[in-house]
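Overview (structure and organization)
As a plain string of letters, each chain reads:
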Amino acid sequence: MSGRCLRAALSVGLCAAILGAVATVARADTKEEIVDRMAKRLDTVKKHKADGKIGETFDGLVDAVKAESLDDKALKKLVDDENADRKKFYALGAEKLGTTPEKFALSAGKRTFRDAKPNEWLKPKDGKWVQKKDLKE
Amino acid sequence: MKHWLLAGLAAAALGVPACTRHTVKLEPIEIKPIHITMDINIKVDREVDAFFGEVEKKAAEKSK
């Protein structure tokens, strides 16, 4: 194969590879993929909740009860990944039902508050962390 | 003469409304569907419950 043909073939191949990578990144996650990731993470999330390191917020996310806990990179990644997946689900659900992600987030917040164990930490709208057993309804 | 005139006028005054017809239309009161707002909230709650339920179920399957 001549040099010119080889260069052309390489260029086409490189372009195809780049386009493929972009397409992979751009594709939205399916609900099943989100469920799968959150399921893999669930035991770790529950453990950190039981340890009092993270808690549920009124708007359906998780957060560190003490800000310095996020110095732990593994914990920070867990919180970030969990929240990213939850937000993706809220967006997907909102699109499906023709409503807003905020409605989904608040509904999720109500659910997690309802199902929280007595010693788990919750952050209501006022921003002050409180354990479920001390939460005023 | 005056009496007959007055009587005639009174008769005419009473007779005119008798020749007209009054109808009052009563439109049924339409209550706008408040249930649509409640319905979407219920759907959102169900979708959220179903989703987190799926996550729990899948996590339980993985831990077996």
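It should be noted that the structure appears before, not after, this text.
What comes next is a walk through the structure. (Residues numbered from 1 in each chain as written. Chains lettered and ligands numbered in written order. Predicted model: local features only at pLDDT ≥ 70, side-chain atom pairs only at ≥ 80, totals over all residues.)

Helices and strands together make up the secondary structure of chain A, namely four helices and four strands. From first element to last, N terminus to C terminus, chain A shows the α and β order α-α-β-β-α-α-β-β. Long-range pairs, those at least 24 residues apart, make up 47% of the contacts in chain A between residues at least 6 apart in sequence. (Helix = DSSP H or I, 4+ residues; strand = E, 2+ residues; numbered from the N terminus. Contact = placed C-beta atoms within 7 Å.)

A few words now on the interface of chain B and chain A. Counting residues at the interface gives 15 residues for chain B, matched by 16 residues for chain A. Here the residues of the side of chain B that touches chain A sort into seven nonpolar, one polar and seven charged. (Nonpolar A, V, L, I, M, F, W, Y, C, P; charged D, E, K, R; others polar.)

Glancing now at helix α4 (residues 101-115) of chain A. An α-helical turn contains 3.6 residues, so any two residues separated by three or four positions project in the same direction. In this model α4(A) runs 21 Å from its N-terminal to its C-terminal C-alpha over 15 residues, within 8% of the 21 Å that 1.5 Å per residue would give. Every buried residue of α4(A) is listed here: A:Phe104, A:Ala105, A:Ser107, A:Ala108, A:Gly109 and A:Thr112. (Expected span 1.5 Å × (residues − 1). Buried ≥ 20, exposed ≤ 12 C-beta atoms within 10 Å, placed from the backbone.)

A few words now on the sheet that holds strand β2 (residues 62-64) of chain A. All names here are of chain A. Pairing in this open sheet of four strands is mixed, and the strands run β2-β1-β3-β4 from one edge to the other. On the outer flanks of this sheet lie β2 and β4 (130-131), each paired with one strand and no other. Pairing between strand β1 (residues 54-57) and β2: three bridges, direction antiparallel. Looking at β2, one finds that glutamate 56 is bridged to valine 62. (Pairing = 2+ DSSP bridges.)

Time to look at the nonpolar core. In terms of nonpolar packing, the biggest core is built from 13 residues, with A:Phe104, B:Val48, B:Phe51 and B:Val55 touching the most fellow members. Broken down by secondary-structure element, the contributors of at least two residues to this core are α2 (31-50), α3 (73-97) and α4 of chain A together with α2 (35-63) of chain B. Here the element with the most residues in this core is α2(B); it accounts for five residues. Those residues in contact with A:Phe104 that sit more than four places away from it in its chain are A:Tyr90, A:Gly93, A:Ala94, B:Val44 and B:Val48. (Core = buried A, V, L, I, M, F, W, Y, C linked by C-beta atoms within 7 Å.)

To continue, consider the packing of α3(A) against α4(A). All names here are of chain A. Between α3 and α4, whose axes approach to 8 Å, the crossing angle comes to 125°. Classed by the angle they form, the pair α3 and α4 counts as oblique. For α3 against α4, the interelement crossing comes out right-handed. Residues Arg86, Tyr90, Ala91, Gly93 and Ala94 of α3 lie in contact with α4, whose contacting residues are Pro101, Lys103, Phe104, Ala105 and Ala108. Looking at the contact of α3 with α4, its residues break down into seven nonpolar, one polar and two charged. (Axes fitted to C-alpha atoms, helices over the stretch in contact; angles between N-to-C directions. Parallel < 35°, antiparallel > 145°, perpendicular 65-115°, else oblique. Left-handed = near helix turned anticlockwise from the far one by under 90°.)

Residues and elements named next belong to chain A. With 20 residues, α2 extends 27 Å between its outermost C-alpha atoms, agreeing within 8% with the 28 Å of an ideal straight helix rising 1.5 Å per residue. Along α2, the helix axis deviates most sharply at leucine 42, where the bend reaches about 45°. Restricting attention to buried positions, one finds in α2 the residues Ile34, Val35, Met38, His48 and Lys49. Just downstream of α2, glycine 52 is the residue with a positive phi angle, here 80°. (Bend = angle between axes of the 7 residues up to and from the residue.)

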